[in-house]
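Now for the letters of each chain:
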Amino acid sequence: MKTTFKRLFFGCLLAVLPGGAAHAQATFNFSGGTTFTGVTDTIPIRANSPGGNSIGTISAIVFDPTSQVGGEYNRIYFTNREQTTGTAVGGLYVTDRITETVTLIGLQSGTANTNTNPSSLAIDSTGTVYLGRDVSPQLWRVNSPLASPTFTQMLGNYGTATTDDDPISISWVPSTNQVMVFDQGLDTDPPVAVSLVNAGSTSASPSYTTIWTATPAVDNNIRGMFSTFDNYGYLTYAALPLESGLAAIYRVDLAGNLQTFLLSGITSSLTLDDSIAVNPLDGSVWLPINTGGTDRTYYRVDVAKAALQSPGVYLASTTAEFTATGLNGGQNSVAFSPDGKWLGIAVPDGADTIYLLQTKAAVPEPATLGLAGVALLGCVAARRRK
């Protein structure tokens with residue numbers, strides 16, 4: 001039987017999976033009251049993957065901007081970071097929100113947990129996919145990923161390192177036809193860096209520019225994303241540092257100039273959980289913060305309205321929009337749909353679930369708070385039914 005979505009507004013519920021088996025899924029408490037409608041969908045990736053158990057760790061997701069049908073972006077690409085062994089197959093995958101089918105496209109991981117495991121994704125307006133491999137210098141371009149995919153390695157080594165580069169976060173830059181690569185450093189390459197890679201680059205003829213680099217006092221990974229809203233790249237360290245007594249994130253322009261954004265009211269360092277997202281409608285930066293165990297708090301940073309404090313330093317309003325419980329530890333990836341109507345959260349739980357949280361951009365603003373305002377509060381859990 002075909003499995004369909006059940007969208008809910010209220011209630012802390014237990015998800016029902018095919019065959020009637022119960023599986024506890026994450027619950028969401030929308031405490032911020034400014035962004036979400038309370039509607040939540042789920043896609044249990046592992047249950048629909050080839051062989052039913054080939055997905056192990058979703059490490060990145062991105063909505064396909066060419067997949068809009070009936071006002072919704074229905075296609076989502078994701079990477080499975082697992083090494084390829086037994087029924088687990090690491091590589092590039094795609095899923096359809098309506099049919100929930102999961103298809104392996106290619107770029108499989110190796111049979112050992114080495115440097116070939118995919119960990120980052122970007123996509124351009126034509127549907128060409130770009131994929132980075134963690135703890136390696138590899139960046140790949142995938143043309144025609146849905147029909148007859150062709151795979152081109154865009155980079156071998158890059159930057160100043162000779163033995164180790166880590167393209168842990170990548171984003172498409174439409175204004176310059178480039179891929180922005182956030183190099184997290186680590187191992188024998190302690191500096192962090194942001195580079196721009198031209199779309200036509202190949203490993204035989206690499207074409208890139210490193211626009212910013214730094215050597216932190218401690219070994220601290222970075223994550224980042226380019227914002228089409230204001231044409232900046234936003235980045236944050238995995239352990240948000242304190243500057244002037246407040247937690248801070250950063251942005252870099254295409255010339256490599258760095259600016260600091262202090263998070264208003266956040267006086268202690270925060271632990272970022274794997275990735276960040278930028279809402280294309282208002283440019284806000286979203287930080288999933290690990291608050292212990294399987295709990296996460298998702299902060300919205302209003303960078304567009306940040307107040308200038310001193311040259312290159314801004315103070316930004318920061319809101320805890322919602323909390324989530326029951327999310328597995330490990331890599332949790334976030335991405336907005338191109339129209340800002342959905343926030344996707346990929347979680348490596350027992351079903352390797354993609355949660356889709358509907359934003360207010362999907363519905364008209366209510367004339368009064370009324371019941372709509374009430375629906376934003378309380379505990380919400382995703383549920384599926386046959």
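Residue positions within a chain follow its written sequence, with the count starting from 1. With the structure being a predicted model, the display of local features is reserved for residues of pLDDT at least 70 and the display and counting of side-chain atom pairs for 80 or more, all residues being used for whole-chain, interface and lining totals. Calculation of side-chain values draws on the structure's entire complement of heavy atoms; hydrogens and water are dropped beforehand.

Caption draft 1: Structural context of the sheet that holds strand β14 (residues 139–143). Pairing is antiparallel in the open sheet, where four strands are placed in the order β12-β13-β14-β15. Edge positions in the open sheet fall to β12 (118–123) and β15 (150–155), since each of these has one partner strand only. Strand-to-strand twist of the sheet, defined as the mean angle between neighbouring strand axes without regard to direction, takes the value 25°. When DSSP finds two or more bridges between two strands, those strands count as paired. Each helix corresponds to a stretch of at least 4 residues labelled H or I by DSSP, and each strand to a stretch of at least 2 residues labelled E; elements are numbered beginning at the N terminus. As paired strands, β12 and strand β13 (residues 129–133) are joined by five bridges and run antiparallel to one another. Bridge pairing in β13 places Ser120 opposite Gly132. For every element, the axis is a line fit to its C-alpha atoms; helices are fit only across the contacting stretch, and the angle between N-to-C directions ranges from 0 to 180 degrees.

Caption draft 2: Seen up close, the packing of aromatic side chains. Centres within 6.5 Å make a pair out of two Phe, Tyr or Trp rings, where for Trp the six-membered ring is used; the pair is then stacked when the planes are under 30 degrees apart, edge-to-face when over 60, and tilted otherwise. Evaluation of the coordinates by the stated rule reveals 14 aromatic pairs. Lying over the aromatic face of Trp342, Arg97 brings its terminal NZ or CZ to 4.6 Å of the ring centre. Of note, Arg251 hangs over the ring of Tyr232, and the distance from its end group to the ring centre comes to 3.8 Å. When the NZ atom of lysine or the CZ atom of arginine is within 6 Å of a ring's centre and also within 35 degrees of its normal, the charge is said to sit over that ring.

Caption draft 3: The arrangement of the layout of surface pockets in detail. By volume, the largest pocket is sized at about 740 Å³. Residues are said to line a cavity or pocket when one of their atoms sits within 4 Å of a point; the points come from a 1 Å grid over protein atoms alone, cavities being sets where a 1.4 Å probe fits but cannot get out and pockets being open sets with protein on both sides within 12 Å along at least five of seven lines. Along its surface, the largest pocket is lined by 36 residues, and Val62, Ile123, Ser171, Trp172 and Met225 are the ones closest to its centre. Breaking the lining of the largest pocket down by element, the ones donating at least two residues are β6 (58–63), β12, β16 (167–173), β20 (222–227) and β29 (333–336). Grid points are joined across faces, edges and corners, and a volume is the space filled by probe spheres set on the points.

Caption draft 4: Broad picture of the sheet that holds strand β19 (residues 208–214). Taking strand neighbours across the sheet as the criterion, the four strands line up as β16-β17-β18-β19 in an open arrangement whose pairing is antiparallel. Across the chains shown, the open sheet's two edge strands, defined by having one partner strand only, are β16 and β19. Direction aside, the axes of adjacent strands within the sheet are offset by 20° on average. Here six bridges tie strand β17 (residues 178–183) to strand β18 (residues 192–198), and the two strands are oriented antiparallel to one another. Paired with Gln178 across the two strands is Asn198, which belongs to β18.

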